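Listed here are the chains, written in short residue letters.
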Amino acid sequence: MTATGTAPGAPTAPAGGVWADVVGQEAAVAQFRRAASPEGSLAQAWLVTGPPGSGRSTAARAFAATLQCEQGTGCGQCRACRTTLANTHPDVTVVATDKLSIAKEEVRALVMTAQRAPATGNRRVVIIEDADRMSAGTFNVLLKSIEEPPPATVWMLCAPSAEDLAPTIRSRCRLVTLAVPSSAVVADLLRRRDGIDEQLAVRAARAAQGHIGLALRYATQEGALAAREDSARTLLSLRGTGQAVLAAQGLVDRATAEAKEHADVVAAEEKERFLRSAGIDDGKVPPSLRSQVRQLEEDAKRRQTRLVRDVLDRYLLDAHSVLRDVLSRQLGTAAELVNLEVAGEIEDAAGHGSGKITLGLLEAVQEARDRISGNVPPLLAIEALLSRIAVSLR
């Protein structure tokens, strides 16, 4: 037992009100609440960092709701709290992108918004999710407003790490770092918030390795966990370069199909909204508006590129967990396997290699992730990784 009387790794009671879904982040929640209290020191620029799935955006919205709360506590019940969490509060602006980057034009619009006084709330809060997707030029657009915001404006930037932002930006923000929530905490959230069966919640949380959004996907999307296990078995069964090349092609093809399906749906909805707002009901776009339609099409292509990378990155994280399980068995640790469903295959792979080789493969997975994020063609990066794994696991 710990000094607080809670077993290590056991779910802790979630904070109430708007903080109920910010799980496993007790230190960060305490910091936010202290800053929002009458006795606290409220910075006007915040940087919320943490690994994917740790709840950066959820924490930022909860803090925004606390700042707007009619009770001043983040009660979760008043109109200000409810509208903030529902993204309908007039003084809370949230920008998220499913494209490769956040454009300068979007940030310029945010800077203009930040200059306005609150319409109904206590503060004007601007939240930028995926702030790491801003270019150096875009950071420069934002810098002046971060340095000298209006008295009632609060900026909140979310990114995986402080190093993902320009030094001039991060030096002007108060940093809050989130941890990876434990599987037990994530499973408890899935049960409490989403009504997921306990056994499925535990299995999904373990597979997601602390990624809350991914755990929910595994728990609610039919076949997602089974597909993950099939991928793990395929990875561990690779025994030659030919198999690796075919597996890489199949993986990229599936990622592209999944991304295209989602991107096409979003693109169709955006085009329909544009045509409706322009008063076009016959589908015939006049010459004066064709450039805007072309821009929507370009946005759709960038969105698909981003989604392909995201799907492949999800696979690489799963591959990393499989190889880490192999390394755990090779080193004889008592750590619980992430991939319990393929324990037999993991034991077999552990007996065919060494810890030194597996450690090198783990580094290769991270190298593949870096290459894909750095615009190396995904197929080449995946082929190189799987070929190395296939040769090493012989």
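None of the values given here were measured: they were computed from a predicted structure. Per chain, the residues get numbers from 1 upward, laid out in the order the sequence is written. At least 70 in pLDDT is required for a residue's local features to be given in this predicted model, at least 80 for side-chain atom pairs to be given and counted, and no such filter applies to totals for whole chains, interfaces and linings, which use all residues. Side-chain descriptors were evaluated using all non-hydrogen atoms of the structure, hydrogens and water having been removed beforehand.

This paragraph deals with the layout of surface pockets. Residues are called lining when one of their atoms sits within 4 Å of a cavity or pocket point, these points coming from a 1 Å grid over the protein atoms alone, where a cavity is a set in which a 1.4 Å probe fits but cannot get out and a pocket is an open set with protein on both sides within 12 Å along at least five of seven lines. Grid points are joined across faces, edges and corners, and a volume is the space filled by probe spheres set on the points. Here the largest pocket is characterised by a volume of approximately 1,700 Å³. As for the largest pocket, its lining consists of 42 residues, of which Pro 52, Asp 130, Arg 133, Arg 306 and Asp 310 are closest to the centre. Numbering of helices and strands runs from the N terminus; a helix is a DSSP stretch of H or I covering at least four residues, while a strand is a stretch of E covering at least two. Contributions of two or more residues to the lining of the largest pocket are made by helix H2 (56–68), helix H9 (212–220), helix H11 (241–277), helix H12 (290–331) and helix H14 (355–373). The greatest single-element share of the lining of the largest pocket, amounting to nine residues, is contributed by H12. Of the voids in this model, the second largest pocket is the one considered here, and its volume is about 690 Å³. If you go around the second largest pocket, you meet 31 residues; those closest to its centre are Arg 206, Gln 209, Gly 210, Arg 324 and Val 338. At seven residues, the largest contribution of residues to the lining of the second largest pocket is made by H12.

Confidence of the predictor at the level of single residues is captured by pLDDT, which takes values from 0 to 100. Here the chain averages 88 in pLDDT, and 96% of its residues register 70 or above. By definition in these notes, contact holds between two residues if any of their heavy atoms fall within 4.5 Å. Below a pLDDT of 50 lies the segment residues 1–14, which in the model reaches 14 contacts outside its immediate sequence neighbourhood of four places, other chains included.

Before going further, it helps to spend a moment on H14. The terminal C-alpha atoms of H14, which comprises 19 residues, lie 27 Å apart, in line with the 27 Å expected from a rise of 1.5 Å per residue. Whether a residue is buried, partly exposed or exposed follows from its accessible area with a 1.4 Å probe, protein chains only, as a fraction of its type maximum: under 20%, in between, or over 50%, in that order. All of the buried residues in H14 are Thr 358, Gly 360, Leu 361, Leu 362, Ala 364, Val 365, Ala 368 and Ile 372. Close packing links the buried residues of H14 with H12 and helix H15 (378–392). Once H14 finishes, Asn 375 follows within two positions and takes phi at roughly 80°, a positive value. The span you would expect from a helix comes to 1.5 Å times its residue count less one.

We call two strands paired when DSSP finds no fewer than two bridges between them. In space, the five strands of this open sheet follow the order E2-E3-E4-E1-E5, with parallel pairing throughout. In this open sheet, the two edge strands, each paired with only one partner strand, are strand E2 (92–95) and strand E5 (174–177). Taking the axes of each pair of neighbouring strands and ignoring which way they run, one obtains an average angle of 15° across the sheet. Where strand E3 (residues 124–128) meets strand E4 (residues 153–159), five bridges bridge the pair, whose relative direction is parallel. By the bridge assignment, Arg 124 is partnered in E4 with Thr 153. The sheet strands contacting helix H1 (residues 26–36) are strand E1 (45–49), E4 and E5, and the helix crosses E5 at an angle near 145°. The axes used here are C-alpha line fits, helices contributing only the stretch in contact, and every angle between their N-to-C directions lies in the interval 0 to 180 degrees.

Let's shift gears to the domain arrangement of the chain. When the domains of the chain are assigned, the result is domain 1 (26–177), domain 2 (183–221) and domain 3 (241–393). Each domain's extent is set by a domain assignment, obtained either automatically or from a database. Inter-centroid distance (C-alpha atoms) of domain 1 to domain 3 is 29 Å. With six residues of domain 1 in contact, the opposing surface of domain 3 contributes eight residues. Values labelled buried area give the accessible surface lost by two parts on being combined, using a 1.4 Å probe and summing over both. A combined buried area of about 670 Å² lies between domain 1 and domain 3, and 50% of that area is made up of carbon and sulfur atoms.

So, about the packing of H14 against H15. Closest axis-to-axis distance for the H14/H15 pair is 9 Å, and the angle between their directions is 175°. Of the possible angle classes, the one that applies to H14 and H15 is roughly antiparallel. For the pair H14 and H15, the contacting residues are Ile 357, Gly 360, Leu 361, Ala 364, Val 365, Ala 368, Arg 371 and Ile 372 in the first and Pro 378, Ala 381, Ile 382, Ala 384, Leu 385, Arg 388, Ile 389 and Ser 392 in the second. In the contact of H14 with H15, the residues fall into 12 nonpolar, two polar and two charged. Angle categories are assigned with fixed cut-offs, so that under 35 degrees is roughly parallel, over 145 is roughly antiparallel, 65 to 115 is roughly perpendicular, and the rest are oblique. Residue polarity follows a fixed list, in which Ala, Val, Leu, Ile, Met, Phe, Trp, Tyr, Cys and Pro are nonpolar, Asp, Glu, Lys and Arg are charged, and the others, Gly among them, are polar.

Stacked, edge-to-face and tilted are the three classes for Phe, Tyr and Trp ring pairs, Trp counted by its six-membered ring, which pair at centre distances within 6.5 Å; planes under 30 degrees apart are stacked, over 60 edge-to-face, the rest tilted. Counting across every chain of the model gives four aromatic pairs. An angle of 20° between the planes, with centres 5.7 Å apart, marks the rings of Trp 19 and Phe 32 as stacked. Here Phe 32 lies in helix H1 and Trp 19 lies in the segment before H1, a separation of 13 residues in the sequence. On the basis of relative accessibility, which here comes to 1%, the residue Phe 32 falls in the buried class.

Turning our eyes to something else, we now look at the environment of Glu 298. Its location among the elements puts Glu 298 in helix H12. Along the primary structure Glu 298 and Ala 267 are separated by 31 residues, whereas in three dimensions their C-alpha atoms are 9.8 Å apart.

Attention now moves to the nonpolar core. Within this scheme, the nonpolar core is defined by two criteria: the residues are buried Ala, Val, Leu, Ile, Met, Phe, Trp, Tyr or Cys, and they are joined through side-chain atoms within 4.5 Å. Ranked by internal contacts, the top residues of the largest apolar core, which has 41 residues, are Leu 316, Ile 382, Leu 386 and Ile 389. Taken together, the elements giving at least two residues each to this core come down to helix H10 (224–237), H11, H12, helix H13 (343–351), H14 and H15. The element best represented in this core is H12, accounting for 11 residues. For Leu 386, the contacting residues outside a window of four places in its chain are Leu 235, Leu 238, Ala 244, Ala 247, Ala 248 and Tyr 315. Listed in part, the 29 residues of the second largest apolar core include Val 29, Ala 43, Leu 67 and Val 154.

Moving on: the pairing of E4. The buried fraction of E4 amounts to seven of the seven residues, a majority that puts the element mostly inside the structure. Neither face of E4 is exposed, since Thr 153, Trp 155, Leu 157 and Ala 159 on one face and Val 154, Met 156 and Cys 158 on the opposite face are all buried. Pairing of E1 with E4 involves five bridges; the strand directions are parallel. When the sheet's bridge partners are listed, Leu 47 is paired in E4 with Leu 157. Here is how to tell: hold the view so the strands point away, follow the path from the first strand over the helix to the second, and if it runs clockwise the crossover is right-handed. Between E3 and its parallel partner E4, the chain crosses via helix H5 (residues 136–147), and the hand of that crossover is right-handed.

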